[in-house]
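Chain residues, written in single-letter form:
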Amino acid sequence: MNGTSPTYVDAVAVKNGVIVHAGDKDGAMAMRGSRTAVRDLAGKSLLPGFIDPHGHFVMSLNMISQVNVSSPPVGPVTNIPGLIAEIQAFKDRAGIADDDWIVGWGYDQEELAEGRHVTIEDLDPHFPNNKVILIHVSNHGAVLNSKALAEYGIDETTETPFGGVINRLPGTNAPAGLLMETAWLPVVSNMPVKSGNELLEVIEDAQQLYASEGYTQAQDSASRISEFSLYQRASAQGLLYIDIVALGIFTETEAWLAPGAYSFGQYDGHLKLQGIKWAQDGSPQGKTALMSAPYLTGGPDGEEDWYGKPIQPKSDLIAQVHAALKTGIQVFIHANGDAAIDHAIEAIEAAGVTAADDRRPIIIHSQFQRPQQIDQYARLGISPSYFTNHTYFWGDVHLANRGPAQTAFISPLKSITEAGIPFSNHADFNVTPLDPFFILWTAMARESRNGTIIGPEQRVDAYQALRGLTTGPAWQVFEENRKGMIKEGLLADFVVLSANPVETSVDDIRDIEVLETIKEGITIFPR
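Calculation rules
Residues numbered from 1 in each chain as written. Predicted model: local features only at pLDDT ≥ 70, side-chain atom pairs only at ≥ 80, totals over all residues. Heavy atoms only, no water. Helix = DSSP H or I, 4+ residues; strand = E, 2+ residues; numbered from the N terminus. Expected span 1.5 Å × (residues − 1). Buried < 20%, exposed > 50% of the residue type's maximum accessible area, 1.4 Å probe, protein only. Contact = heavy atoms within 4.5 Å. Pairing = 2+ DSSP bridges. Axes fitted to C-alpha atoms, helices over the stretch in contact; angles between N-to-C directions. Phe/Tyr/Trp six-rings, centres within 6.5 Å; stacked < 30°, edge-to-face > 60°. Core = buried A, V, L, I, M, F, W, Y, C linked by side-chain atoms within 4.5 Å. Salt bridge = Lys/Arg side-chain N within 4 Å of Asp/Glu carboxyl O. Parallel < 35°, antiparallel > 145°, perpendicular 65-115°, else oblique. Left-handed = near helix turned anticlockwise from the far one by under 90°. Right-handed = clockwise from strand over helix to strand, strands pointing away.

Caption draft 1: Up close: helix α11 (residues 338-350). Over its 13 residues, α11 runs 18 Å from end to end, which matches the ideal 18 Å to within 8%, given 1.5 Å per residue. Looking only at α11, the buried set comprises Asp 338, Ala 339, Ala 340, Ile 341, His 343, Ala 344, Ile 345, Ala 347 and Ile 348. Buried residues belonging to α11 abut α10 (314-326), β15 (330-335), β16 (362-365), α12 (371-380) and α15 (404-407).

Written as structure tokens, this is what we have:
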């Protein structure tokens, strides 16, 4: 991955976790000592370890005790009766008592045969004595049953907050169950969670989930202080062996920015607090992404002339981003819709930052970017973290909601490559699976569930797609001189694959397997 086109070396030598030779076999063998281990790959392919550009590591700690209510190919749910059955089976299997919580992940109303959101009227008759939360696949909301709504004091007198969505039962002001964006934030901040000690016990399983997919670095975007403290405990106890890059959540900006409270941009063991992450809009599949033109199919509760909503006023975002940038802290802004991207651009520009400053502000997702916004990215030094998995999972939904012209330009990898702007491409785990080969396939094929090609002119080849999982994300967190390439002086972070992605057809790339993952010269998968 050292260059703009594929290049290869015959041999790699590693000492003390660092690459000391990447070149010819004779040069590597000349370094061999009496205790040197020599490995022959026997036709398998060695690449830099994959880097998670954007995801939620904390989700992997909690999913173990939650029920998968995703739709195929991630989960089994295709209709509301099937969803109810899956929750009931999980309750029975896990031995969940009455009055306890049941939390599901991956809920997606777009893939239900009924074509609508689940409501309290669906859930309450089956789970009258349990508090049920079904987290939306976007992670930007959830459906709650009546008992869970009551737990959080949400009823017909609850006003919809700025930037939020509370669906109501028809003809009433009673909450129907769906909470999105700022209406969801108070709930997600106070959800039932495992204790710190319980989470530390499963941190090995969480790291293995990443390592088994070839990742040597995970990201926890939107870490709360309590979660970052957990990672600090894990690091102090020597429990971390993949790198975890955390981004502090913007709702705790004041605490993150307190003088001397936190150190940004420096590793302590395998843990680094890199910057602060803002969310300025929601998800396009949840119809909460902020657009400059209305949704063709109305809002999430049937609203007409619906553009989505900002999470907070633009002026607040501008002030907070300026406060972070003036103290030297890197900013990451979640913006899916083109109007939210405008807000992010204005916030960065208002802080006086340009590309010459090399501050590397990241706009996460950058999904419905307008072509002219790429020029603004170049001028201000903004780098996008794209999400091409959307072309498969919600490409057909976006066509209905946004129309073919705008949908064709989502995650425009080809255009950003031609503009010379570094980019990354993520799974947003657990919104979609970590599988790096699925990410490569969506970048190369851009094919929807129904077989529609979403913006064929934005397809890239395997090598360019690989840059979104290696060199791009390394650069985005100021680690291009530490990882992302097989190059002398960089960390010996590798993944061994069953086949070379560059030489594999688009149709077959999803069949590649991770055989081994190596972190700083030590095999971490399989263990």
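Past the structure itself, the notes keep going.
Caption draft 2: Here's a closer look at the sheet that holds strand β6 (residues 101-107). Overall, mixed pairing links the 6 strands, which are arranged β5-β6-β7-β8-β10-β9 in an open sheet. Both edges of this open sheet fall to β5 (67-68) and β9 (164-168), since each of them pairs with a single strand only. Relative to strand β10 (residues 175-181), β9 runs antiparallel, the two being bridged by 4 bridges. From the neighbouring strand, Gly 164 faces β10, where its bridge partner is Glu 181. Helix-sheet contacts for helix α3 (residues 80-94) involve β5, β6 and β7 (131-136), and the interaxial angle to β6 is about 135°.

Caption draft 3: Representation of the packing of aromatic side chains in the model. Tallied over the full model, the rule gives 16 aromatic pairs. Measuring from centroid to centroid gives 6.0 Å for Tyr 210 and Phe 429, while their planes differ by 80°, and the two rings are edge-to-face. Separated by 219 residues along the polypeptide, Tyr 210 in helix α7 (residues 196-211) and Phe 429 in the loop between β18 (424-425) and α17 (436-445) bring together distant segments of the chain. You can call Tyr 210 buried: its relative accessible area is 0%. Look at Phe 438 and Trp 441: their rings are 5.4 Å apart centre to centre, the planes differ by 55°, and that puts the pair in the tilted class. Taken as a pair, Phe 438 and Trp 441 lie in helix α17 at a separation of 3 residues, close to a single helical turn. Both residues of the pair, Phe 438 and Trp 441, belong to the buried class.

Caption draft 4: Main features of the nonpolar core. In terms of nonpolar packing, the biggest core is built from 99 residues, with Phe 57, Leu 61 and Trp 278 touching the most fellow members. With 8 residues, the single largest contributor to this core is α17. Listed in part, the 28 residues of the second largest apolar core include Ile 80, Leu 83, Tyr 107 and Phe 127.

Caption draft 5: The arrangement of the pattern of salt bridges in detail. Using the criterion set out here, one finds 22 salt bridges in the structure. The residue Arg 116 makes a salt bridge to Asp 122 at a minimum N-O spacing of 2.9 Å. Among the salt bridges present, the one from Glu 227 reaches Arg 224, with a minimum N-O distance of 3.1 Å. The network of salt bridges with shared partners includes Asp 243, Lys 272, Glu 479, Arg 482, Lys 483, Asp 493, Lys 519 and Glu 520.

Caption draft 6: How the structure looks around the sheet that holds strand β3 (residues 45-48). The strand order β3-β19-β20-β21 describes an open sheet built from 4 strands, whose pairing is antiparallel. Edge positions in the open sheet fall to β3 and β21 (522-525), since each of these has one partner strand only. Taking the axes of each pair of neighbouring strands and ignoring which way they run, one obtains an average angle of 30° across the sheet. Note that β3 and strand β19 (residues 494-497) share 4 bridges and pair antiparallel. Bridging from a neighbouring strand, Leu 46 pairs with Val 496 of β19. Sheet strands touched by α7: β20 (514-519) and β21. Its angle to β21, the strand with the most contacts, is close to 100°.

Caption draft 7: Examining the packing of α11 against α12 more closely. At their nearest, the axes of α11 and α12 sit 11 Å apart, and the two run at 20° to each other. Here α11 lies roughly parallel to α12, going by the angle between them. Two packed elements cross with a definite hand, and for α11 against α12 that hand is left-handed. Seen from α11, the contacting residues are Asp 338, Ile 341, Asp 342, Ile 345, Ile 348 and Glu 349; seen from α12, they are Gln 373, Gln 376, Tyr 377, Arg 379 and Leu 380.

Caption draft 8: Summary view of the pairing of β15. Counting buried positions along β15 yields 6 of 6 residues, so the element is predominantly enclosed. Neither face of β15 is exposed, since Gln 330, Phe 332 and His 334 on one face and Val 331, Ile 333 and Ala 335 on the opposite face are all buried. One ladder, built from 5 bridges, connects strand β14 (residues 271-279) with β15; its direction is parallel. Bridged to Ile 276 within β15 is Val 331. As a crossover connection, the stretch from β14 through α10 into β15 is right-handed. After leaving β15, the chain enters α11 and then returns to the sheet as β16, a path that is right-handed.

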